[in-house]
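Summary of the model geometry
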Amino acid sequence: MIEQDILIIGSGIAGMSAAQYASRAGRSVTIMEGLAPGGQTMFIDMIENYPGLEEPIGGYDLAVKFQTQAERFGAKIAYATVTALKKEGDFFYAQTSGETYKAKAVILATGAQHRHLGVEGEMEYAGKGVSYCGTCDGPFFRGKRILVVGGGDTALTDAIFLSKLSEHVTIIHRKDRFRGQDNLVRQVERNQNIEIVMNHTLQKIVGDGNKVTSTVLKDLIEDREYNREFDAVFIFVGMLPQTGLLDKSLLDADGYAQTNERMETKLAGLYAAGDVRDTVFRQLVTAASDGAVAAHCSSEYIDELEGMEYV
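Residues numbered from 1 in each chain as written. Predicted model: local features only at pLDDT ≥ 70, side-chain atom pairs only at ≥ 80, totals over all residues. Heavy atoms only, no water.

A few words on the packing of aromatic side chains. Per the counting criterion, the structure on display carries 2 aromatic pairs. With 6.2 Å between their ring centres and 85° between their planes, Tyr50 and Phe66 make a pair best called edge-to-face. With Tyr50 in the loop between β2 (29-33) and α2 (59-72) and Phe66 in helix α2, this pair connects stretches of sequence that are 16 residues apart. Across the pair, Phe66 and Tyr50 agree in class, each one buried. (Phe/Tyr/Trp six-rings, centres within 6.5 Å; stacked < 30°, edge-to-face > 60°. Helix = DSSP H or I, 4+ residues; strand = E, 2+ residues; numbered from the N terminus. Buried < 20%, exposed > 50% of the residue type's maximum accessible area, 1.4 Å probe, protein only.)

Next comes the structure, spelled out in structure tokens:
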């Protein structure tokens, strides 16, 4: 059994920020990561709005900086997936396939994954023209006909990225206006490589068995369906919080971890930070802030457990 003061589950910006602050405060910290450090940050092409950076930076590069900083202060990374989390007495126990981790406090920073539309052909052509990450798969469709589905920040950001690879990008949204940030909306509206089609939904994805060839779209105003040819479909219709380790009593109606401003859940010693929690704004800078707050408050919680609280 491996023991540490604070166990952080997830290595995105929130998790790495928490690790840095907790380690710097003198706590022993282990970050649990099932795949690779960085979380969703690894799939962002360029980040231009992170405070203090004069020039845009790639998501991978920023993630590496966060990891290096956390490790420099003493945080350790364990590459394993936590399959079960329970609390017994004053301690938490996290189970992986090969090890049990014991901690006085846990920070859940598992983030969220892309939501699927559930339309016919989506699963059949996943990886064959259907994608949920523009920076990951966009280069495969350079110069091709690309459909982007969604109206939030991610859809707009990836449409802009894809427009650098192809002059034939179409973005459809089921509403009459986008819900993304005004700055992103303006960039999309003035981008000559992006066609905007509002009040439309994707009904079906069609292919030849090996790749996407076309789609069936629905015009919600005219209440009609029609076929349109595309080589790739990029879907950005929301996220699914990764809260499978938590009891439903700790979640809100949408499945996000419920916290207060101290990142505390209803279970003492358990904190949540970043995209996995209920929050009004999901950005890298807010994830970093969440992580810092969670680290600070979890450290105070441990002081209380040990009778060392500052009064």
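This part covers the packing of helix α1 (residues 13-24) against helix α6 (residues 284-305). Where α1 contacts α6, the two axes come as close as 7 Å, and the packing angle between them is 35°. Crossing of α1 over α6 shows right-handed handedness. Residue-level contacts link Ile13, Ala14, Ser17, Ala18, Tyr21 and Ala22 of α1 to Leu284, Ala287, Ala288, Gly291, Ala292 and Ala295 of α6. Taken together, the residues that form the contact of α1 with α6 break down as 10 nonpolar, 2 polar and no charged. (Axes fitted to C-alpha atoms, helices over the stretch in contact; angles between N-to-C directions. Left-handed = near helix turned anticlockwise from the far one by under 90°. Contact = heavy atoms within 4.5 Å. Nonpolar A, V, L, I, M, F, W, Y, C, P; charged D, E, K, R; others polar.)

In a regular helix each residue adds 1.5 Å, so 14 residues correspond to 20 Å; α2 covers 20 Å between its end C-alpha atoms and thus fits that length. Buried residues of α2: Gly59, Leu62, Ala63, Phe66, Gln67 and Ala70, and no others. Along α2, the residues classed as buried sweep out an arc of 135° about the axis, all on the same side. Along α2, the residues that are exposed and aim more than 90 degrees away from the buried face are Lys65 and Arg72. Buried residues along α2 sit in contact with α1, β3 (76-79) and α6. A positive backbone phi angle near 115° is found at Gly74, which sits one or two residues after α2. (Expected span 1.5 Å × (residues − 1). Arc of directions from axis to C-beta.)

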